[in-house]
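Architecture at a glance
Here is what each chain is made of, one letter per residue.
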Amino acid sequence: MLRESDLEKLQLEHQAAKLFLRCYEQQYGIPMRHIWHNEPNMPDISCYQADERLDIEVAHLYGSEQEAMAVLGRSLSLDIQRELATMAQAPTERRLQVALERLLKQKALKRYHSKRTWLLIRNASTLWHHDDFEAIIGRLDFPSNHAFEQIWLLTDFYNPDLLRLDT
C-alpha cells in the first residue's frame, strides 16, 4: 500500500509527464502516448514515442523550501532542506543556475534498467520563467556521465513551454 506522500509524488510525476507529452507532440508532431508508472531501478514514467518505448525520469525544480512545501503539500526531507538552503545562499542572479545544476548533478548519479531514458524537469517555481532559462542555458555545467539521451524542461508550472537543455 502506498503512503500518501508516495501517491502525491506519483500524481506530480504523472501531471508533468502528461504536460510534456502534449507539448512535445504539439511542437514536433510525433505522437506520444500511453503513460504508465514504473518500479524502482526504472525511470518514473514510460510511454511510446511514435512506436518506440521511451522512459522518462521526472524531477521538479523549486525556488525555495517554502515553495517546495507548498507544491508538495507536506514537510521536506532533511536532504531537500539542505539543498534548498545551499541554493538560497547563492547570489540572486546565480540562484537559478545553481538550482538547476544541483538537480542535474543529483539525477546524473542515478542508473536505470532502460534502453532510452530522457530526463524531464518541471519548473515548479513562480520565481523563474521561460526567458530566465533561455538566458542561462549556454552557461549550464552538465555532468559528463549521466544516463539521459535527452534532457527537457517544462519552463512554467501552469503555462509550460518546452525547452531542450542538452543541445
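Residues numbered from 1 in each chain as written. Predicted model: local features only at pLDDT ≥ 70, side-chain atom pairs only at ≥ 80, totals over all residues. Heavy atoms only, no water.

This part covers helix α1 (residues 4-28). Over its 25 residues, α1 extends 36 Å from the first C-alpha to the last, a length consistent with the 36 Å expected when each residue adds 1.5 Å. Along α1, the residues that are buried comprise Glu 8, Leu 12, Glu 13, Ala 16, Ala 17, Leu 19, Phe 20, Leu 21, Cys 23 and Tyr 24. Looking at the residues trailing α1, positive phi occurs at Gly 29, about 70°. (Helix = DSSP H or I, 4+ residues; strand = E, 2+ residues; numbered from the N terminus. Expected span 1.5 Å × (residues − 1). Buried < 20%, exposed > 50% of the residue type's maximum accessible area, 1.4 Å probe, protein only.)

Our next topic: the pattern of salt bridges. For the coordinates displayed, the defined rule picks out nine salt bridges. Between Glu 52 and Arg 116 there is a salt bridge, and its shortest N-O distance comes to 3.5 Å. Taken together, the residues Glu 52 in strand β3 (residues 52-61) and Arg 116 in the loop between α4 (95-108) and β4 (117-123) connect sequence positions 64 residues apart. A salt bridge links Glu 57 to Lys 110; the shortest N-O distance between them is 3.2 Å. Here Lys 110 lies in the loop between α4 and β4 and Glu 57 lies in strand β3, a separation of 53 residues in the sequence. Among the residues examined, Glu 57 registers a relative accessible area of 1% and is labelled buried. Each of Lys 9, Glu 13 and Asp 44 takes part in one network of salt bridges that share partners. (Salt bridge = Lys/Arg side-chain N within 4 Å of Asp/Glu carboxyl O.)

Another point: the side chain of Arg 116. Owing to a relative accessible area of 12%, Arg 116 belongs among the buried residues under this scheme. Of the polar contacts made by the side chain of Arg 116, one reaches the side chain of Gln 49; its length is 2.7 Å. Here the side chain of Arg 116 touches Arg 53 through a polar contact of 3.4 Å, landing on its backbone oxygen. Residues contacting Arg 116, with those up to four places away along its chain left out, are Gln 49, Glu 52, Arg 53, Leu 54, Asp 55 and Glu 149. (Polar contact = N/O pair within 3.5 Å; in protein donor to acceptor, adjacent residues only side chain to side chain. Contact = heavy atoms within 4.5 Å.)

The pairing of strands in a sheet comes from backbone hydrogen bonds and takes either a parallel or an antiparallel form. Taken together, the six strands give an open sheet; going across it, the order is β1-β2-β3-β4-β5-β6, and neighbouring strands pair in mixed fashion. Each having just a single partner strand, β1 (32-37) and β6 (162-164) make up the two edges of the open sheet. On average, each strand axis in the sheet is inclined to that of its neighbour by 30°, with strand direction left out of account. The pairing of β1 with strand β2 (residues 45-49) spans four bridges and is antiparallel. Its bridge partner lying in β2, Arg 33 is registered against Tyr 48. Along the sheet, α1 contacts β1, β2, β3, β4, β5 (150-154) and β6; its crossing angle with β1, the most-contacted strand, is approximately 165°. (Pairing = 2+ DSSP bridges. Axes fitted to C-alpha atoms, helices over the stretch in contact; angles between N-to-C directions.)

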